[in-house]
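Chain by chain, the residues run as shown.
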Amino acid sequence: IDSNLSWSSNLLIILHCTTSTEMKEEPNHRSLSSGNTTTADSDHNNEKKFRSVLPHEPLPIGSSDNNSSGYVHLQGAFEPKRKSSPNISQSESKSEPSPYWKSTESLEEVLLVALRDQHERLRLPFPVLSIHVLDPKHCSRLRLEYNCPYEALQIQYAFRDQKISPQEILQPIVNSHGCGAASKSDDCALFGSRPCQATMITTKPLPIDTSTYWPRSNPPQFRRLLHDRGNDEQERTQTRFVYVTGLIDNNTEETTSAISDRWNKPYAVFHTMRQVFGNDVEIFLPKKQNRQQQKIQSCHFGFRSAKDAQRIVREFQGRVVTWEFNDSASKTDDQQQGNQEERQTINSGQLFLDYATITQKSKAKEKGEYEKGQGDASRPECTSTTTHIHVPGLVVLENFLTEAEEKLLVAILTGPQAPWAPQQINKSQTGAVKRLVQHYGYVFDYQTADVLRRDKNTPFAADCPPLPAIEMKTEDDERISMDDLVQQGKGWEVLARVIEKTRQHKFETEPFSSYKEKSKEQNSQKVTRKRMVFSTLNQMTLNQYKPGEGIGSHVDTPSAFGDGLISISLNSDIVMEFTKVTANYEDDGDMSPMRPKKLVYLPRRSLVLMSGPARFEWEHQIVTRRTDTHNGVVVPRGLRTSLTLRTALSLSGAPLPRFESNAFPPVWGSNNEECDPSSSKCNTLVTPSTERDHVHAVYDAIA
């Protein structure tokens, strides 16, 4: 083989090695971003597979062994930008600039000076052992090697806390020594000022059994498993997660001063707690914003099995432990020479441990089944409807309205002319009522939880629009049918017909006095039904609930409203929760006799009646969440409008007179001191006949 052939063969070998290295290193960059994929790269002719270490993950095996190295993946702009120079021609400036560094070895040498010899200048706790450039083309990814994984973990947090940039690492050395540059004229380089991204990596693979560890970099959301909550009692014996609080004692000044600089460092907390609870435990710390507000007082543990979790709970429940950590990370090499590592000890408070589990949302994320924006129930124990609990006096009528009636009512009641009520403060003084509200007939005052009764001195705040009045018969002595009203788009008249239909409806309920003997009567087929009519309904409140909004558990004020509370659901389904007010209730279902609950599914266009015990002895509420579960099917909530019809009472307990009008659109401030508000002559809401016959006819045609 002649010299030329030998030279060309060597060149081909060099090019092939460079290409294969880039091909192998590129997946490594992607794996570090995901945190779950492994990759291989050539390291001193030995194949090693690296992966990123998850934040909550235990330190890799050998963390206490000095012979086991720790690694950090560092990403940043180590190839500088060039300043424009007057000596460079225009043609040269348009061409791609040559690499700044002579070789990857020259970059590694400069980095060794910065991260090994001058690590104190960068406030790094440990010097680096070796540096390997992973992408020679761009010089943006490095692998740093340290004595042990614990040193690598502290280096990771040091880079993140101090936000060290390539400019801070390299600029002082390049400016003072001028080493590493491919050309002497490259003294006008600008290194990146963005902080480096440091990630601890390891060659240790993740466990094969995915049920023994949390595989995602973001921590899950937890909830406590209580003794008296549904299936929680059984799940307490099967979970591997434990909640612990009382990690530090904030009552002593010595503890506060000792942990001021160290306890809020995550790597210090991880290392300290694993010395007590074992090296093979996952630790999930509170969110960063919570750690900044106060010292780390609680966290969640993830053990490899439920037996390990039960053993830890039995062993440490109610104990006071001593946390011990060394302070070598905050010292320089000169301070540590010839001295033993100084250790700080602090005492915890009285530890309280309890079993926990991850939420349904986190479980769906772990399986890859979660879709953002679909909404999640805020309370996992109250999401599905129940059928075994009986609420006496509760009646649900499905399809009480047609689709066309629903569509027209939503358009007329929530359109531009809708008379939304001024915002009010609720009775508990916790803030304003967030949902949109309209009142008709009489105003319900949320601050006093009472009806604002009308008189000659009625203030504007109580002078709400009247209820719609039923149109009398036409000239031909015939009433227009409901279908014709819907077809003509007369929503105000349709609302009047719906209210009148509700007043005349005969609701069938069982006699309340026979409820305790309900099961016996059902067996003997002697259950008698009772028909009830609520013809005195004189007040309507419209509530508009956005997805995720709800209303707290309550009983409508008995002194303000009589028996018979009716609600009609428009535009969206909902699950309403009923809870027994008193505790001396014997239910025939499976739930505890103490405050039983029933979750009732109310489909759109349905009517629900609460009378008797359901009206006065059971609280009702709509839980704040974005979805409901009905018979195992998750139903997303939509923009829901509810019409609540009630009988407003006077101070003597008698139904108040109706306040109605056939004028449209409804407005606030319609009362007149000089005459009866029901009189069309004095009512400012009554439109002149000329306008009603001509202008309104045009609007009706357009609608």
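To keep things clear, this report deals only with the structure shown in the data block. Since the structure is predicted, the reported quantities are computational estimates derived from the model, not experimental observations. By convention here, each chain's residues receive numbers from 1 onward along its written sequence. The model is predicted, so local features are restricted to residues of pLDDT at least 70 and side-chain atom pairs to those at 80 or more, both for listing and for counting; the totals for chains, interfaces and linings are taken over all residues. Each side-chain value is derived from all of the structure's non-hydrogen atoms; neither hydrogens nor water enter the calculation.

### Thoughts on the side chain of Asp135
Phase 1 of the analysis: Under the scheme used here, helices are H or I runs from DSSP no shorter than 4 residues and strands are E runs no shorter than 2 residues, and both carry numbers assigned from the N terminus. Tracing the sequence through the fold places Asp135 in the loop between strand 5 (130-133) and strand 6 (141-146).
Phase 2 of the analysis: Buried Asp135, no salt bridge; nearest opposite-charge side chain is Arg141, N-O distance 4.2 Å.
Phase 3 of the analysis: One polar contact links the side chain of Asp135 to the main-chain amide nitrogen of Arg141, over a distance of 3.0 Å.
Phase 4 of the analysis: Contacts are assigned to residue pairs that have any heavy atoms within 4.5 Å of one another. With near-sequence residues (within four places) excluded, Asp135 lies in contact with Ser140 and Arg141. In this scheme, a residue with accessible area under 20% of its type's maximum is buried, one over 50% is exposed, and one in between is partly exposed, where area comes from a 1.4 Å probe on protein chains only. Under the convention used here, Asp and Glu are negative, Lys and Arg are positive, and both His and the chain ends fall outside the count. Salt bridge, as applied in this entry: a Lys or Arg side-chain nitrogen positioned within 4 Å of an Asp or Glu carboxyl oxygen. The definition of a polar contact used here is a pair of N or O atoms within 3.5 Å, where within protein one atom must be able to donate a hydrogen and the other to accept one, and adjacent residues in sequence count solely through side-chain atom pairs.

### Points about the sheet that holds strand 26 (residues 574-580)
Phase 1 of the analysis: Taking strand neighbours across the sheet as the criterion, the four strands line up as 24-29-26-27 in an open arrangement whose pairing is antiparallel. Lying at the two open borders of the sheet, with one neighbouring strand each, are strand 24 (551-554) and strand 27 (597-602). Averaged over all adjacent pairs, the angle separating strand axes in this sheet is 20 degrees, with direction ignored.
Phase 2 of the analysis: A pair of strands is labelled paired if DSSP reports no fewer than 2 bridges between them. Of the pairings in the sheet, the one linking strand 26 to strand 27 comprises six bridges and is antiparallel in character. Pairing of Glu577 across the sheet is with Leu599, part of strand 27. Inter-axis angles, ranging from 0 to 180 degrees, are taken between N-to-C directions of lines fitted to C-alpha atoms, where helices are fitted over the stretch in contact.

### Brief notes about the packing of aromatic side chains
Phase 1 of the analysis: Two aromatic rings from Phe, Tyr or Trp, using only the six-membered ring of Trp, form a pair when their centres are within 6.5 Å; if the ring planes differ by under 30 degrees the pair is stacked, by over 60 it is edge-to-face, and anything between is tilted. Across all of its chains, the model carries 13 aromatic pairs by this definition.
Phase 2 of the analysis: Ring centres of Phe277 and Phe301 lie 4.7 Å apart, and the angle between their planes is 55 degrees; this geometry places the pair in the tilted category. A residue pair is termed long-range when its members are at least 10 positions apart, and Phe277 in helix 8 (residues 266-277) and Phe301 in strand 12 (residues 298-302) qualify at 24 residues.
Phase 3 of the analysis: For Phe277, a relative accessible area of 6% gives the class buried.
Phase 4 of the analysis: By relative accessible area, Phe301 is classed as buried at 0%.
Phase 5 of the analysis: Ring centres of Phe277 and Trp323 lie 6.1 Å apart, and the angle between their planes is 40 degrees; on these two criteria the pair is classed as tilted. Here the residue Phe277 occupies a position in helix 8, and Trp323 occupies one in strand 13 (residues 322-326), the gap between them amounting to 46 residues. There is no split in this pair, since Phe277 and Trp323 are both buried.
Phase 6 of the analysis: For a Lys NZ or an Arg CZ to count as sitting over a ring, it must be within 6 Å of the ring centre and within 35 degrees of the ring normal. The ring of Phe400 has Lys501 sitting right over it, with the charged end atom 4.3 Å from the ring centre.
Phase 7 of the analysis: For Arg646, the ring lying beneath its charged end belongs to Phe444, and the centroid distance is 5.3 Å.

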